[in-house]
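An overview of the molecular structure
For reference, the chains in residue letters:
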Amino acid sequence: MKKTARAHTNIALVKYWGKKDKELIIPMNSSLSLTLDHFYTDTSVEFKEELTADNFSLNGVSKDAQQITNFLNLVRKLAGITTYAQVDSTNHVPTKAGLASSASAYAALALAASSAAGLTLSKKDLSRLARRGSGSACRSIYGGFVEWKMGTGDLDSYAVPFQEEVDWDIRMLAIVLNDAEKKISSRRGMQTVVATSPYYPAWVKTCHQDIGELKEAIEAKDFERLGTIAEENAMKMHALNLSASPHFNYFQPETLVAMQLVEELRAAGIPCYYTLDAGPNVKVLCLEKDVAQIKAKLAEAFNQEQLLLAAPGPGAHLLA
Ligand code: 2P0
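This text gives an overview of the structure that appears in the document. Computed from a predicted model, the values in this text were never measured in an experiment.

Running from N to C, helix α5 (residues 200–219) and helix α6 (residues 223–242) point in directions that differ by 165 degrees, and their axes come no closer than 9 Å. It follows that α5 is roughly antiparallel to α6 by the angle criterion. Relative to α6, the crossing made by α5 is left-handed. Contacts between α5 and α6 involve Tyr200, Trp203, Thr206, Cys207, Asp210, Glu213, Leu214, Glu216, Ala217 and Ile218 from the first element and Arg225, Leu226, Ile229, Asn233, Lys236, Met237 and Leu240 from the second.

Put into structure tokens, the structure is as follows:
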């Protein structure tokens, strides 16, 4: 049976940055994210007796299926089948947006593939399965604010919803910068940091505190507190990269320009905060009522086409 699932990307407010177990993708710290409405992946999966290998297409173009096969092997094992599958994905995440498409990709694949294999997994088990594809994908199983509880191993490392229905006009404005340089993958970056940054133990400790405070801020709808925690957590993550050996960073000159404009907006009394992931793009957290003013300020340095707005979005779901 062919099954199609949709999953949205998420932006981490307290970041996942480091693995305890590379094979099972068990993180060194818990993380907390917001699932976004505008950016998502649709994936259909059909297991077919006549296939002699897995086939994978992305946006209508045939791709190497090795990573998909590795992931489908987990599903086949769970379902007790050996059949190969046709997997077709469409990414509605602008490739240059720096919003991890691996999160929406593996969340959609986990749901579509498990359903197509005849399994009805609980959300917990879906999250555990998505995690095996890409860590951040385990959070995209749920909508709204989501916590990935690090756990100790495969059985207890999965995401749980913190607030699925977000009754708050919180927004994320991504500033898409030119990213000419080849970046260091998240996977390699976090591995270098865990192995070499002298600040790593402090990071783990501070993330634990940040999550506790962030939850309080979400519950109190205290946007300034939420933004401050998210911005500071992102800077702590990037400080790990600067303190690694060899050191590295994801900043481009325009990254710093964007950060400064956000700081100027804040100095002018508009609450907005930045966060950055494993790339140069700056994502601005703000409230809906301030979006127009923030866009006007950012126009000093960026085109309107470089600005992508998203609101809280839903969890992974089947379309057909
Ligand atoms: C996050 N990032 O929490 C962090 C912040 C990037 C910076 O999760 O190796 O693609 O597949 O588990 O999930 C991106 O890394 O890494 C990421 P893997 P993933 O969103």
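Back to the text.
Close to the ligand lie 16 residues; Tyr16, Lys19, Ser134, Ser136 and Arg187 are nearest. The contact in question runs from an oxygen atom of the ligand to an N or O atom on the side chain of Ser102, over 3.1 Å. Take Ser186: an N or O atom from its side chain is 3.5 Å from an oxygen atom of the ligand. Protein chains bury 93% of the 470 Å² of accessible surface belonging to the ligand in isolation. Per-element tally for the shell around the ligand: the top contributor is helix α4 (residues 186–196), with three residues. Looking at the shell around the ligand residue by residue, the class counts come to six nonpolar, five polar and five charged. Viewed by domain, the shell around the ligand spans two of them, domain 1 (3–167) and domain 2 (170–310), each represented by three or more residues.

The rules behind these values
- Residues numbered from 1 in each chain as written.
- Predicted model: local features only at pLDDT ≥ 70, side-chain atom pairs only at ≥ 80, totals over all residues.
- Heavy atoms only, no water.
- Axes fitted to C-alpha atoms, helices over the stretch in contact; angles between N-to-C directions.
- Helix = DSSP H or I, 4+ residues; strand = E, 2+ residues; numbered from the N terminus.
- Parallel < 35°, antiparallel > 145°, perpendicular 65-115°, else oblique.
- Left-handed = near helix turned anticlockwise from the far one by under 90°.
- Contact = heavy atoms within 4.5 Å.
- Near = heavy atom within 4 Å.
- Polar contact = N/O pair within 3.5 Å; in protein donor to acceptor, adjacent residues only side chain to side chain.
- Areas by Shrake-Rupley, 256 points an atom, 1.4 Å probe, with all protein chains shown as cover.
- Nonpolar A, V, L, I, M, F, W, Y, C, P; charged D, E, K, R; others polar.
- Domains from an automatic or database assignment.

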